[in-house]
Amino acid sequence: MTKTANTMWGGRFAAGPDAIMEAINASIGYDQRLAPQDIAGSRAHATMLAATGIITDTDAAAIKEGLVTVLSEIETGNFAFSAALEDIHMNVESRLKEIVGEPAGRLHTARSRNDQVAVDFRLWVRDQCDLADAALAGLQKALLGQAEAGADWVMPGFTHLQTAQPVTWGHHMLAYVEMFERDRSRFADARKRMNTSPLGAAALAGTSFPIDREMTAKELGFDRPMTNSLDAVSDRDFALEFLAASSICAMHLSRMAEELVIWSSAQFRFVKMSDKWSTGSSIMPQKRNPDAAELIRAKIGRIFGANVALMTVMKGLPLTYSKDMQEDKEQTFDAADNLMLALAAMTGMVADMTANRESLRQAASSGFSTATDLADWLVRELGLPFRDAHHVTGSLVAMAEGKECDLPDLTLADMQTVHADIRADVFDVLGVENSVDSRMSLGGTAPAQVRAQAAYWREKLE
């Protein structure tokens, strides 16, 4: 070990504690992606400072023009970020001073890095809500296309992953359309609540300068300023709500990914995944692995983890700002990136997958999937109490199992040994097509209901 290396910390930090402090304190390695929001906030602040006479119009014009130059340098990759300057705010301000000189020093009048980062991060998360909404709408359209194509294709509906009753492919696809619509509503609700401006709260107590917070809020697209300066700089609920909405959405994506993994297996053969979203095996040439679906299923854990991590950061913090809150961004950035990636991949898979109509129908016709239809017929046609009808149907299922056949394969004579009043027209309800056609209740799986719902969603999404 060299003499300059600190023996306590090892060779990684040759300059000793100062280097360690810089490494733990700097956030520029990740918060540089807030540059567009930081510069938008600074331009709005400069405009307001000039309008209220706090700085001159000349200085404001120089600041705003210089900020445009800084943003251009960042966007074109010609900006040299410095860890010594800690964060995006100081990096931008330092470069602005090099460009415009003395006016740059007046930009920070009547604000603090506390309200500056709060507004930057809030603007960024607000943008992510909009991006998530657009991505979810695209996924809904892909699902809707599948639903319209297979509105009358029968498939098994499952409970406990056991065959329950026949449903339609279109009905199953529309179930996810409904799920993702709820996700969109959660992002919209979160966006509405977060759309208040912390800018002007300064460090924590407001400022003695005659600022116009309504002006900066309007300039940045907020509904209004936040009305308590302590809350304004210490609130991260907006990020937590975004992560909570992302986590629920991610859970929905994972459920669908799981179904695609199962459905594309040789044992199910319900769908064929496009080559775009599958991979092969290094030693088994027959394999078509649903890797994209599996990776979506796995990446969801990172989104859940981000939600828990930020809750944990915030849970013990007294008002107002603490440096702990610097840890709010990395996990939120990672969660947002992985959510958008998962949504894009799922949209591509859904749009490209091909449902195997014959395999779906064969599976729907097995596993005594029309047993409930038989029980309903006994209630409706013979007047049996449902519990008695359930018992009769169970006996017929047991008989079919013993004969190694399905319910429609039993003879009328077989059925009449269990209940003498059963008639030949019972077979009208034992076909899977008849079963789904009969489910005409609102929200049911009947093709007519599916087409009506698909038409509703087509109009809504277009």
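Let us look at the structure shown here. The structure displayed is predicted, hence computed values, not measured ones. (Residues numbered from 1 in each chain as written. Predicted model: local features only at pLDDT ≥ 70, side-chain atom pairs only at ≥ 80, totals over all residues. Heavy atoms only, no water.)

1. Comments concerning the packing of helix H4 (residues 57–75) against helix H5 (residues 88–100)
Thought 1: As a packed pair, H4 and H5 sit with axes 9 Å apart at the nearest point and diverge in direction by 120°. Viewed along their axes, H4 and H5 form a crossing whose handedness is right-handed. Between H4 and H5, the residues in contact are Ala-62, Ile-63, Gly-66, Leu-67, Thr-69, Val-70, Glu-73 and Ile-74 and Val-92, Arg-95, Leu-96, Ile-99 and Val-100, respectively. (Axes fitted to C-alpha atoms, helices over the stretch in contact; angles between N-to-C directions. Helix = DSSP H or I, 4+ residues; strand = E, 2+ residues; numbered from the N terminus. Left-handed = near helix turned anticlockwise from the far one by under 90°. Contact = heavy atoms within 4.5 Å.)

2. Notes on helix H14 (residues 371–382)
Thought 1: Its 12 residues place the ends of H14 16 Å apart at the C-alpha level, agreeing with the 16 Å of an ideal helix rising 1.5 Å per residue.
Thought 2: Residues of H14 that are buried make contact with strand E2 (162–168), helix H15 (386–403) and helix H17 (432–438).
Thought 3: Just past H14, the residue Gly-383 takes up positive phi, approximately 75°. (Expected span 1.5 Å × (residues − 1).)

3. Looking at the pattern of salt bridges
Thought 1: Applying the stated criterion across every chain yields a total of 30 salt bridges.
Thought 2: Residues Asp-152 and Arg-357 are paired through a salt bridge, measuring 4.0 Å at the closest nitrogen-oxygen approach. Of this pair, Asp-152 sits in the loop between helix H6 (113–149) and strand E1 (154–159) while Arg-357 is found in helix H13 (residues 357–364), placing the two residues 205 residues apart along the sequence.
Thought 3: Classification of Asp-152 as partly exposed rests on a relative accessible area of 32%.
Thought 4: Between Arg-193 and Glu-241 there is a salt bridge, and its shortest N-O distance comes to 2.7 Å. Here Glu-241 lies in helix H10 (residues 237–263) and Arg-193 lies in helix H7 (residues 169–194), a separation of 48 residues in the sequence.
Thought 5: The class for Arg-193 is exposed, based on a relative accessible area of 51%.
Thought 6: Through salt bridges with shared partners, a single network forms among Asp-133, Glu-181, Arg-184 and Lys-460. (Salt bridge = Lys/Arg side-chain N within 4 Å of Asp/Glu carboxyl O. Buried < 20%, exposed > 50% of the residue type's maximum accessible area, 1.4 Å probe, protein only.)

4. Notes on the pairing of E2
Thought 1: Where E1 and E2 come together, 6 bridges link them in antiparallel fashion. Across the sheet, residue Pro-156 finds its bridge partner in E2, namely Pro-166. (Pairing = 2+ DSSP bridges.)

5. Regarding the environment of Asp-291
Thought 1: As for its placement among the helices and strands, Asp-291 is situated in helix H11 (residues 291–314).
Thought 2: Residues Asp-291 and Val-261, spaced 30 residues apart in sequence, show a C-alpha to C-alpha distance of 8.6 Å.

6. Description of the packing of aromatic side chains
Thought 1: The tally for this structure, following the rule as stated, stands at 11 aromatic pairs.
Thought 2: Aromatic side chains Trp-169 and Trp-263 sit 5.5 Å apart centroid to centroid with 45° between the ring planes, which places their arrangement in the tilted category. Residue Trp-169 is located in helix H7, and its partner Trp-263 is located in helix H10; the two are separated by 94 residues in the primary sequence.
Thought 3: Using a relative accessible area of 0% as the deciding quantity, one classes Trp-169 as buried.
Thought 4: Assessed through its relative accessible area of 3%, Trp-263 is described here as buried.
Thought 5: Members of the aromatic cluster, joined through ring pairs, are Phe-158, Trp-169, Trp-263, Phe-268 and Phe-270.
Thought 6: Sitting over the ring of Phe-222, Arg-126 keeps its end group 4.9 Å from the ring centre.
Thought 7: Across from the ring centre of Phe-121, 5.5 Å away, lies the NZ or CZ of Lys-329, which sits over that ring. (Phe/Tyr/Trp six-rings, centres within 6.5 Å; stacked < 30°, edge-to-face > 60°. Lys NZ or Arg CZ within 6 Å of the ring centre and 35° of its normal.)

7. With respect to unusual backbone geometry
Thought 1: In the segment running from Leu-319 into Thr-320, the intervening peptide bond is cis, with an omega of 5°.
Thought 2: Structurally, the position occupied by Thr-320 is in the loop between H11 and helix H12 (329–352).
Thought 3: With a phi close to 75°, Glu-86 is a non-glycine residue in the positive phi region.
Thought 4: Looking at the element boundaries, Glu-86 is found in the loop between H4 and H5.
Thought 5: On the basis of relative accessibility, which here comes to 22%, the residue Glu-86 falls in the partly exposed class.

8. Description of the nonpolar core
If you look at soluble globular proteins, the nonpolar side chains tend to sit buried side by side.
Thought 1: The biggest cluster of nonpolar side chains holds 95 residues, and the ones touching the most others in it are Leu-143, Trp-169, Phe-187, Leu-253, Ile-296 and Met-346.
Thought 2: At 14 residues, the largest contribution of residues to this core is made by H10.
Thought 3: Filtering out sequence-adjacent residues up to four positions away, Phe-187 remains in contact with Cys-129, Ala-132, Leu-136, Phe-242, Ala-245, Ser-246, Cys-249 and Leu-339.
Thought 4: Val-392, Met-399, Leu-407 and Leu-410 belong to the second-largest nonpolar core, a separate cluster that totals 20 residues. (Core = buried A, V, L, I, M, F, W, Y, C linked by side-chain atoms within 4.5 Å.)

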